[in-house]
Amino acid sequence: PKGKKSLQSAFEDWKRRMAAKAQPKSKGGGGAAGAKGGAKARADDAEAKVTVPSVKAAAAAAEAKPPAPFVAEANRPKRNQNLLDKVVDWYTNDLDLRRRLENWFLESSEKVPPIDMKKIGEGEFPVEAYSVYQEYTVMLEKVVAGFLETEGGTLEELHELAKDETDVAYSDAWMFVTLFSACTTFLFFADMTKQAQEGDLKGSFNTTTGLNPKYNV
């Protein structure tokens, strides 16, 4: 359906927003760099001056709009506030899920040429590997959607709930975005595939491996 987001696209949106929040502003300095920094600062100030009236105008326009019609609380769509907590708990602790994903990597690794993580880091990888990676992301999204269905939720509802507090470390939203965004990266897929090919994954795969900062790229 039009407008429907996949797990990957939602994670990319969240990561872009987090990167924008963390972007330091130029303070200026000595020499050419200082001049450039000073120019950037002046440009920021000029932009801010232009923006303030626009913000005020937007606020005034919003106040002028008629109030939203009253909707009785009983008629409002109910939000499953515990959905994030349930998903994170399931993904990090469910042994059946852990075995299922481990077996998937063990079987699929046979369809991929030997993985060289150094070349992967340089952006080189076999076409077969990317094809299997696409299968992996589709599979993972179906698994998550299946669990949500048993809990009476949807991916869309999960995305909405996860918009809150994604920048608060170890909150349910932070755990969801950090863990799942890492697990859907090609780097994570390649590393798990390499371990499966070398016989190091069997009996050791853990769904929380995605919290390793090296996958959060």
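Residues numbered from 1 in each chain as written. Predicted model: local features only at pLDDT ≥ 70, side-chain atom pairs only at ≥ 80, totals over all residues. Heavy atoms only, no water.

1. Here's the deal with helix H4 (residues 95–108)
- Here H4 spans 20 Å end to end across 14 residues, near enough to the 20 Å set by a 1.5 Å rise per residue.
- All buried positions along H4 are accounted for by Leu97, Leu101, Glu102, Trp104, Phe105, Leu106 and Ser108.
- The opening residue of H4 is Asp94, an N-cap whose side-chain oxygen sits 3.1 Å from the backbone nitrogen of Asp96. (Helix = DSSP H or I, 4+ residues; strand = E, 2+ residues; numbered from the N terminus. Expected span 1.5 Å × (residues − 1). Buried < 20%, exposed > 50% of the residue type's maximum accessible area, 1.4 Å probe, protein only. Polar contact = N/O pair within 3.5 Å; in protein donor to acceptor, adjacent residues only side chain to side chain.)

2. Considerations on the packing of aromatic side chains
- Scanning all chains against the criterion turns up 18 aromatic pairs.
- Aromatic pair Phe125 and Phe186: ring centres 4.8 Å apart, planes at 45°, arrangement tilted. Here Phe125 is found in the loop between helix H5 (117–121) and helix H6 (127–150), whereas its partner Phe186 is found in helix H9 (residues 186–197), with 61 residues between them in sequence.
- Overall, Phe125 belongs to the partly exposed group, its relative accessible area being 37%.
- The interplanar angle of 45° and the centroid separation of 5.6 Å between the aromatic rings of Tyr130 and Tyr133 together place this pair among those described as tilted. Within this pair, Tyr130 and its partner Tyr133 are both found in helix H6, separated by 3 residues, close to a single helical turn.
- Residue class for Tyr130 comes out partly exposed when judged on its relative accessible area of 36%.
- An aromatic cluster is built from Trp104, Phe105, Phe125, Tyr130, Tyr133, Tyr136, Phe186, Phe188, Phe189, Phe205 and Tyr215, whose rings are joined through pairwise contacts. (Phe/Tyr/Trp six-rings, centres within 6.5 Å; stacked < 30°, edge-to-face > 60°.)

3. Focus on the packing of helix H3 (residues 83–93) against helix H8 (residues 172–183)
- Relative orientation of the contacting elements H3 and H8 amounts to 45°, with a least axis distance of 9 Å. Relative to H8, H3 is oriented oblique. Note on packing geometry: the crossing formed by H3 with H8 is left-handed. Judged by residue contacts, Leu84, Asp85, Val87, Val88, Tyr91 and Thr92 of H3 engage Asp172, Ala173, Met175, Phe176, Leu179, Phe180 and Cys183 from H8.
- Of the residues that constitute the contact of H3 with H8, the class distribution is 10 nonpolar, 1 polar and 2 charged. (Axes fitted to C-alpha atoms, helices over the stretch in contact; angles between N-to-C directions. Parallel < 35°, antiparallel > 145°, perpendicular 65-115°, else oblique. Left-handed = near helix turned anticlockwise from the far one by under 90°. Contact = heavy atoms within 4.5 Å. Nonpolar A, V, L, I, M, F, W, Y, C, P; charged D, E, K, R; others polar.)

4. Points about the pattern of salt bridges
- Enumeration according to the criterion identifies 5 salt bridges in this entry.
- The salt bridge partner of Asp96 is Arg99, with a shortest N-O separation of 3.1 Å. Here Asp96 pairs with Arg99, and both are found in helix H4, just 3 residues apart, close to one helical turn.
- Overall, Asp96 belongs to the exposed group, its relative accessible area being 55%.
- Judged by its relative accessible area of 46%, Arg99 is partly exposed.
- Where Asp191 meets Lys214, a salt bridge forms, and the shortest distance between an N and an O atom there is 3.3 Å. With Asp191 in helix H9 and Lys214 in the segment after H9, this pair connects stretches of sequence that are 23 residues apart.
- A relative accessible area of 9% places Asp191 in the buried class. (Salt bridge = Lys/Arg side-chain N within 4 Å of Asp/Glu carboxyl O.)

5. What to know about the nonpolar core
- Ranked by size, the top nonpolar core spans 45 residues in total, and within it Tyr91, Phe105, Tyr136 and Phe176 carry the most contacts.
- Among the elements of the structure, H3, H4, H6, helix H7 (155–162), H8 and H9 are those that each provide at least two residues to this core.
- No other element matches H6, which puts 10 residues into this core.
- Among residues more than four places away in sequence, those in contact with Tyr91 are Leu97, Leu101, Leu140, Leu179, Phe180, Cys183 and Thr207. (Core = buried A, V, L, I, M, F, W, Y, C linked by side-chain atoms within 4.5 Å.)

6. So, the side chain of Thr185
- In this fold, Thr185 is placed in the loop between H8 and H9.
- The buried category is assigned to Thr185, whose relative accessible area is 10%.
- Among the polar contacts made by the side chain of Thr185, one reaches the main-chain amide nitrogen of Phe188 at a distance of 3.2 Å.

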